[in-house]
Amino acid sequence: EVEETEFLKTRCIQLSIFMSPLNVHVNRYPVSGKVVYTKYHPGKYLVAFHPKSSVLNERTTVVVEAENGKNVLFRQIAGAVARRIVLYSKEGDTANAGNEYGFIKFGSRLDVFLPLGTKILVEIGDKTVGGLQKIAELN
């Protein structure tokens, strides 16, 4: 549980997915709905597991208003090796869960901020499979 201060401005569940240079770097929408916010943040290139990397590193923020009206925020975060983020998503786009919205060259980290009460379907240390595995269910 964390306080998200950029857009949601509320307490929520933060789920972080770390990618090594050997992982697939395609980023997929975690939820279907309407893209209501996108922003690019220039920044540093700390290692992705550093606690401050999600606020100090180069990153993008995307918010999708889900079909149930709840907002889900997610961030692409560049790391020490990954120094290029590509974001296709734009405000007003339709997001379809599982569809590609960007990628991070050579890995790093993706943070997903979910409403409190969301059912988390993964455990710490799990290796997720993009486009095939659900990581959470909104209530």
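It should be noted that the structure appears before, not after, this text.
Draft legend 1. Quick look at unusual backbone geometry. Despite not being glycine, K9 has its phi angle at roughly 55°, a positive value. One can find K9 in the loop between β1 (2-4) and β2 (10-19). A residue is classified by how much of its surface remains accessible, and K9, at 56% relative accessible area, is exposed.

Draft legend 2. Molecular detail of the packing of aromatic side chains. Within the structure shown, the criterion is met by five aromatic pairs. Between Y29 and Y101 the ring centres are 5.2 Å apart and the planes differ by 35°, which places this aromatic pair in the tilted class. Taken together, the residues Y29 in the loop between β3 (26-28) and β4 (33-41) and Y101 in strand β9 (residues 100-104) connect sequence positions 72 residues apart. Assessed through its relative accessible area of 7%, Y29 is described here as buried. Here F74 and Y101 contribute two aromatic rings whose centre-to-centre distance is 5.0 Å and whose plane-to-plane angle is 65°, an arrangement assigned as edge-to-face.

Draft legend 3. Region of the structure containing the side chain of R75. Counting through the fold element by element, R75 comes out in strand β6 (residues 71-77). Only 3.0 Å separates the side chain of R75 from the side chain of E6, close enough to count as a polar contact. Setting aside residues no more than four positions away along its own chain, R75 makes contact with E4, E6, S54, R59, T60, T61, R109, L110, D111 and F113.

Draft legend 4. Expanded view of the sheet that holds β9. Across the sheet, which stays open at both edges, the three strands sit in the order β3-β9-β7 with antiparallel pairing between neighbours. The sheet is open, and its two edges are formed by β3 and β7 (85-87), each paired on a single side. Looking at each pair of strands side by side, their axes are set apart by 25° on average, direction ignored. Taken together, the three bridges between β7 and β9 define a ladder with antiparallel strand orientation. By the bridge assignment for β9, I85 is matched with I104.

Draft legend 5. Focus on the environment of N68. Take N68: it is sitting in the loop between β5 (59-66) and β6. Separated by 51 residues in the primary sequence, N68 and K119 place their C-alpha atoms 15 Å from one another. Ignoring sequence-local partners within four residues, the contact set of N68 consists of L138 and N139. Here the side chain of N68 touches K70 through a polar contact of 3.0 Å, landing on its backbone nitrogen.

Calculation criteria
- Throughout, a residue's number is its position along its own chain's written sequence, starting from 1.
- With the structure being a predicted model, the display of local features is reserved for residues of pLDDT at least 70 and the display and counting of side-chain atom pairs for 80 or more, all residues being used for whole-chain, interface and lining totals.
- The side-chain figures draw on all heavy atoms in the structure; neither hydrogens nor water molecules are used.
- Under the scheme used here, helices are H or I runs from DSSP no shorter than 4 residues and strands are E runs no shorter than 2 residues, and both carry numbers assigned from the N terminus.
- Only protein chains enter the accessibility calculation, which uses a 1.4 Å probe; a residue whose area is less than 20% of its type maximum is buried, one above 50% is exposed, and one in between is partly exposed.
- Between 30 and 60 degrees the pair is tilted, below 30 it is stacked and above 60 it is edge-to-face, where a pair is any two Phe, Tyr or Trp rings, Trp via its six-membered ring, whose centres lie within 6.5 Å.
- Pairs of N or O atoms are called polar contacts if they sit within 3.5 Å, as long as, within protein, a hydrogen donor faces a hydrogen acceptor (for residues adjacent in sequence, only side-chain-to-side-chain pairs).
- A contact between two residues is defined here by any heavy atoms of the two lying within 4.5 Å.
- Each pair of strands is called paired provided DSSP finds at least two bridges between the two strands.
- In this analysis an axis means a line fitted to C-alpha atoms, helices contributing only their contacting stretch, and an angle means the value between N-to-C directions, from 0 to 180 degrees.

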